[in-house]
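One-letter residues, chain by chain:
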Amino acid sequence: MKRLRDADPNLLANLKKYLDDELYGYAEEQLEKFWEICITDIDRRAVHTDREGQPRLIKYDRFGDDISEVWVNEGYKQTVKQTYETGIVGYIHKPIPELGRKGNYIYSYAQGYLLSQVEPGFYCPVTLTMATAYLLEHFADEELKRTYLPHVISTGEVELYEGATFLTERQGGSDVGANEVRAVPCGDHYKLYGEKYFASNAGMCGVATVLARIDGSDPGTKGLSLFLVPWRNDDGTLNGIHIRRLKDKLGVRAVPSAEVVFDGAQAYVIGDAKKGFYYMMEALNLSRVCNAVASIGIMKRALDEAKQYAENRSAFGHKLTSYPMIRETLANLTARQEVQTSACFELISFFDRVMTAPNEASEEDKAWNRLLIALLKMRTAEEAIEFAHEAIEMHGGNGYIEDFVTPRLLRDAQVLTVWEGTENILGLEVLRLMRKFRIHERFIEVMSKELTNLRDDVRAFAAPVKNGLNELIQALGQLSGQPDEVQTYHAKKIANRLCDIYLSIIALKGAQESERNKTIARLFLQHIWNDDLFDRDMLSVHFFDVVINEKSELEVGDQR
């Protein structure tokens, strides 16, 4: 079994870049321990949960009363306990005992990245609990925070309340402004009535944050308020909540997703009743980063499975890794996974500063944060599916058999393009940021500066990125002033080009750190920008051992 430093040096290099020495030392030690649990116990439990131990709804008790309980298997419960006790949620909001200081989102997302390689389904409840904790800490009144936050961020010292965020309704979907769940004033609290159509972690959460409309409020998103809803009353009975059914999902089967009906559920308003949609969108930013982290985690597992299989499988008398097309696939996947992982952690470093102190962040920084989140969530989700597909193809027929992890990777990856916003929704988000904040102007300025600051030897192969940036500038000029139909038609195309450029800059900056990273950058740029039919350099073949086995160029010979 490989140690983490050998299995994923790129992750640790990124953490060392963004964590101070004290927190890095702690994180490296604790992540090593968590990694060992992930690739052994949690991985085995994930197989059982996916195949035989999926959540089940126990709708009625023996007397015929509606109890709406969700059964999960004992292994899943153990995964829940072990994961939360690492502080994956808690240490964002409270001190790490060994250090006497808080952790941060960088460390938490590193934990999520490891977890997602073995059980991305369970990372969904973790994400929802992170979002619930964020909403409570930053927007709830002191009494609500004092009562519930210690349970949501528990690391074992008090009873854990997992969280949930319920937005989706049958008639609305992405159109949250069409939501109809009612909130009726009742003294110092409210009563909720209505249905949430896709409520993940239902039955397992201790509390849920729910968007609802107070009677008499404005239509659309402006009239939505955010409420904290305990799942059960103090006596253990359901808090006016019933589960109609659990969703029969393609993947991420570990998490129970349900149709939930509120029938007088006691609820407490979070913050300003007129800002519910704004609060939930802040939580959505956090969830979108989790989505991207889950994606790069699946990408890493798919890559590792493909590489291990190719190194051990022989065909026509030779190991698969001796064939040029196999080498090309593995080298290119490695470059793409490492660059996108580095991009995610650069984003997370900025995200941590903005989200930890939202009142201190400028509107421009918040917009930049939202832009990078939208771009990386969009791209990594698509890439997770592509990586799972490539891993299946590398295995041949075996890759299609449930005895291998590859089918589950594909099934679990597919939802990531849907959760927290589809590619179309994210394209529209980018367009809104351009219209409201002129965010494209900052993007062009920052990317141009990054290109200028590159070392000469790296700038020598950066021409495609500069050309792509110039093409973007020209396209934005043509798009300016066009009718709404024309602008929305191009929104996704523009967003993808922004992402191409941003990821390319990440690759080029990394190229200045080592000779291997320079090869990674060249491979990545070739993947994004080169559509020539004839590949003169064949970098992925000639530098296969540099990229995959991390040998030096001297060891493999200078074959450029």
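The name an unreviewed UniProt entry assigns to the protein is Alkylation response protein AidB-like acyl-CoA dehydrogenase, from the organism Thermaerobacillus caldiproteolyticus. A UniProt comment under Cofactor (unreviewed entry) is attached to the protein, and it reads "FAD". Among the UniProt annotations of the protein, the heading Sequence similarities (unreviewed entry) holds the following wording: "Belongs to the acyl-CoA dehydrogenase family."

Draft legend 1. Representation of the packing of helix 5 (residues 105-116) against helix 8 (residues 276-312). Taken N-terminus to C-terminus, the directions of helix 5 and helix 8 make an angle of 45°; their axes are 8 Å apart at the nearest point. Relative to helix 8, the element helix 5 lies oblique. At the point where helix 5 passes helix 8, the crossing takes the right-handed sense. Contacts between helix 5 and helix 8 pair Tyr 105, Tyr 109, Gly 112, Tyr 113 and Ser 116 from the former with Leu 286, Val 289, Cys 290, Val 293, Ala 294, Ile 296, Gly 297, Ile 298 and Lys 300 from the latter. Of the residues belonging to the contact of helix 5 with helix 8, the class tally is ten nonpolar, three polar and one charged.

Draft legend 2. Quick peek at helix 5. Here helix 5 contains twelve residues, and its C-alpha end-to-end distance of 16 Å stays within 8% of the 16 Å for a straight helix at 1.5 Å per residue. Burial runs high along helix 5: twelve of the twelve residues are buried. Along helix 5, the residues classified as buried are Tyr 105, Ile 106, Tyr 107, Ser 108, Tyr 109, Ala 110, Gln 111, Gly 112, Tyr 113, Leu 114, Leu 115 and Ser 116. For helix 5, the N-terminal cap is Asn 104; the gap from its side-chain oxygen to the backbone nitrogen of Ile 106 is 3.1 Å.

Draft legend 3. Spotlight on the side chain of Gln 337. Structurally, Gln 337 can be placed in helix 9 (residues 324-356). Since its relative accessible area comes to 2%, Gln 337 is described here as buried. A polar contact of 3.3 Å, which involves the side chain of Gln 337, links it to the backbone oxygen of Ile 296. Discounting chain neighbours no more than four positions away, the residues touching Gln 337 are Tyr 113, Ile 296, Met 299, Lys 300, Leu 303 and Phe 387.

Draft legend 4. Representation of unusual backbone geometry. Of note in the backbone geometry, Asn 201 takes a positive phi value of approximately 70° without being a glycine. With respect to the element layout, Asn 201 can be found in the loop between strand 7 (189-200) and strand 8 (207-214). Here Asn 201 falls in the buried class, since its relative accessible area comes to 0%. Look at Glu 420: it is not a glycine, yet its phi comes out positive at around 60°. By secondary structure assignment, the location of Glu 420 is in the loop between helix 11 (406-414) and helix 12 (423-437).

Draft legend 5. The pattern of salt bridges, seen in detail. For the structure shown, the criterion picks out 43 salt bridges. Put simply, Asp 66 and Lys 59 hold a salt bridge, and the shortest N to O gap is 2.8 Å. With a closest N to O distance of 3.6 Å, Glu 515 and Lys 518 form a salt bridge. Of the two residues, Glu 515 and Lys 518 are both situated in helix 17 (residues 515-529); the distance of three residues between them amounts to about one turn of the helix. A residue is classified by how much of its surface remains accessible, and Glu 515, at 40% relative accessible area, is partly exposed. Classification of Lys 518 as buried rests on a relative accessible area of 11%. Taken together, the shared-partner salt bridges connect Arg 170, Glu 195, Arg 244, Arg 245, Lys 247 and Glu 259 into one network.

Basis of the calculations
Residues numbered from 1 in each chain as written. Predicted model: local features only at pLDDT ≥ 70, side-chain atom pairs only at ≥ 80, totals over all residues. Heavy atoms only, no water. UniProt positions renumbered as here; feature names shortened; annotations may be inferred. Axes fitted to C-alpha atoms, helices over the stretch in contact; angles between N-to-C directions. Helix = DSSP H or I, 4+ residues; strand = E, 2+ residues; numbered from the N terminus. Parallel < 35°, antiparallel > 145°, perpendicular 65-115°, else oblique. Left-handed = near helix turned anticlockwise from the far one by under 90°. Contact = heavy atoms within 4.5 Å. Nonpolar A, V, L, I, M, F, W, Y, C, P; charged D, E, K, R; others polar. Expected span 1.5 Å × (residues − 1). Buried < 20%, exposed > 50% of the residue type's maximum accessible area, 1.4 Å probe, protein only. Polar contact = N/O pair within 3.5 Å; in protein donor to acceptor, adjacent residues only side chain to side chain. Salt bridge = Lys/Arg side-chain N within 4 Å of Asp/Glu carboxyl O.

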